[in-house]
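# Examining the three-dimensional arrangement
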Amino acid sequence: MVAEDMYELGSKKSTIRTIFEYGRQRAAVVGEENIFDFSLGNPNVPAPEFIRQAILDIVQQEDPCAVHGYTVAPGNPEVRETLAQSINERFATKFSGGNLFMTAGAAAAITVCFKALSEPEDEFIAFAPFFPEYQCFVEATGAKLVVVPPQLQDFQIDFAAFRQRINRHTKAVIVNSPNNPSGVVYSLAVIKELAAILEEKSAEFGRTIFLIADEPYREIAYDGVEVPYLSQYYKNTLVCYSYSKSFSLPGERIGYIVIPNEITGFSKVYGAIAGAARVLTHVNAPSLFQKVVARCAGMPSDISIYHENRDLLYNGLVAAGFSCVKPQGAFYLFPQALEEDDRAFCEKAKAYDLLLVPGSDFGCPGYFRASYCIKTETIRRSLPLFARLAADYGK
Ligand code: PLP
């Protein structure tokens, strides 16, 4: 009667959603302030004042038919030109508006890329731990997601494991840095090695292997760590960007894909992206917010609260006996669970109203994710509870 696979996807809640809803029910019983919900990646820092001002200016000053009307499918040409120049200023690239395709956030950007590239029997490679939605986004195109197991000591890339999985069916490799859920930023050395393997394997297999850079956390990086701009190191890169996290605009659905001129078969790739966007009914990215982000191009993201939260939670958990790779970006901590079964561990944490997400959901059993895009005070008050949880495990 219906597409069973779509029914499965739509009716089974994700673990994160289930935990979040459990938290809402518990809050009604024990009070909002007694729930320590580390489950969602929804920014708690309000969108900056310059965004509010840009919205007001556009709505008050510009022609409403242009503000709220359709744009051409790739997005308003002036907006794309402005954003391209802003990228060039920051990353020494040479893009123009014709290299951008505006999308409804990173989810749309990566889905459009998967759909545009996918041919029968194709495979896409992701590195664990990874954003779980990649699985259904890739499978919806008929392709297969191949996962490279995590390199547990630092969550950088296990190249030996990668070499075992890359093959003649590999169409693209997806990289997310700063990473959800580990918070790790892939180092320049890692990116260069990845690029070298992709060059080598593209030549060996006689076909282009693309790199898809999923970058919604690009600006959320701490302690001056460099986040390499991947198209500078590998020409067949598609960059997927979003303003959901950097400008706290997840509900507005705005981002873009960069398709560099140097990419093999530029016009074919750009055309396929336009075609994929068309069949996915992505008529155009939200018009008002295309204009808003263009007005705010290059403006800074305020990451001071996330920085403070990272230090507080990381130091608190380590002091309580947890081991964890110190995140350099995004707003997640990914410590080792205190028992092998990460799901059982997260269930036990619920006794203290600590709501955590099992690492298994990210392809990395034995770990858990704690999102720290929540109130600093909530984190501060959660630390004694983490210490009690650890003490239950003899820490
Ligand atoms: N990619 C990663 C790694 C994410 O963590 C998220 C959202 O949490 C997305 C993509 C989707 O972001 P957007 O809101 O821009 O669609």
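Details of the structure are given in the entry above.
Everything numeric in this text was worked out from a predicted model, so none of it was measured.

## Some remarks on a nonpolar patch on the surface
A cluster of nonpolar side chains, contributed by Met1, Val2 and Tyr7, occupies part of the molecular surface with about 450 Å² of accessible area. Checked against the element boundaries, Val2 lands in the segment before helix H1 (4-11).

## A word on the side chain of Thr376
As for its placement among the helices and strands, Thr376 is situated in helix H14 (residues 376-392). Within polar-contact distance, the side chain of Thr376 engages the side chain of Asn309 at 2.7 Å.

## A look at the layout of surface pockets
Taken as a whole, the largest pocket holds about 1,200 Å³ of empty space. Contributing to the lining of the largest pocket are 38 residues, with Ser14, Ile16, Phe131, Pro132 and Glu133 lying nearest its centre. Sorting the residues of the lining of the largest pocket by element identifies H1, helix H2 (15-30), helix H6 (105-117) and helix H7 (133-139) as the ones contributing at least two each. Classifying every residue of the lining of the largest pocket gives 16 nonpolar, 10 polar and 12 charged. Of the voids in this model, the second largest pocket is the one considered here, and its volume is about 370 Å³.

## Looking at unusual backbone geometry
In most cases, non-glycine residues show a negative phi, while peptide bonds are predominantly trans. The peptide bond linking Ala128 to Pro129 adopts the cis configuration, its omega dihedral lying at -5°. Tracing the backbone shows Pro129 in the loop between strand S3 (123-127) and H7. The residue after Asn180, namely Pro181, is reached through a cis peptide bond having omega 25°. Its location among the elements puts Pro181 in the loop between strand S5 (170-176) and helix H9 (188-205). Residue Phe155 is not a glycine yet carries a positive backbone phi of 60°. Structurally, Phe155 is set in the loop between strand S4 (144-148) and helix H8 (159-165). The class of Phe155 is buried, set by a relative accessible area of 2%. Located in the positive-phi region is Asp223, a residue other than glycine, with phi close to 55°. Overall, the relative accessible area of 56% leaves Asp223 in the exposed class.

## Description of the environment of Asn99
Looking at the element boundaries, Asn99 is found in the loop between helix H5 (77-91) and strand S2 (100-103). Asn99 sits 167 residues away from Phe266 along the chain, and the two C-alpha atoms are 9.3 Å apart. Beyond its immediate sequence surroundings of up to four residues, Asn99 is in contact with Lys94, Ile257, Val258, Ile259, Pro260, Asn261, Phe266 and Tyr270.

## Considering the sheet that holds S3
Taken in spatial order, the 7 strands of this open sheet run S2-S8-S7-S6-S5-S3-S4, and their pairing is mixed. Of all the strands in the sheet, the pair left with one neighbour each is S2 and S4. Pairwise comparison of adjacent strand axes, ignoring direction, gives a mean angle of 20° for this sheet. As defined by bridge partners, S2 adjoins strand S8 (residues 255-258) across 4 bridges and the pair is classed as antiparallel. Across the sheet, Phe101 pairs through a bridge with Ile257, a residue of S8. Against the sheet, H5 touches S2 and S8, its axis set at about 110° to S2. Its contacts with the sheet put H6 on S2, S3, S5, strand S6 (210-214), strand S7 (237-242) and S8, and the angle it makes with S7 is roughly 155°.

The rules behind each value
- Residues numbered from 1 in each chain as written.
- Predicted model: local features only at pLDDT ≥ 70, side-chain atom pairs only at ≥ 80, totals over all residues.
- Heavy atoms only, no water.
- Patch = residues over 30% accessible without salt bridge, like charges linked within 9 Å, V, L, I, M, F, W, Y side chains within 5 Å.
- Areas by Shrake-Rupley, 256 points an atom, 1.4 Å probe, with all protein chains shown as cover.
- Salt bridge = Lys/Arg side-chain N within 4 Å of Asp/Glu carboxyl O.
- Helix = DSSP H or I, 4+ residues; strand = E, 2+ residues; numbered from the N terminus.
- Polar contact = N/O pair within 3.5 Å; in protein donor to acceptor, adjacent residues only side chain to side chain.
- 1 Å grid on protein atoms, 1.4 Å probe; cavity = no way out; pocket = protein on both sides within 12 Å on 5 of 7 lines; lining within 4 Å.
- Points joined across faces, edges and corners; volume = space filled by probe spheres on them.
- Nonpolar A, V, L, I, M, F, W, Y, C, P; charged D, E, K, R; others polar.
- Buried < 20%, exposed > 50% of the residue type's maximum accessible area, 1.4 Å probe, protein only.
- Contact = heavy atoms within 4.5 Å.
- Pairing = 2+ DSSP bridges.
- Axes fitted to C-alpha atoms, helices over the stretch in contact; angles between N-to-C directions.

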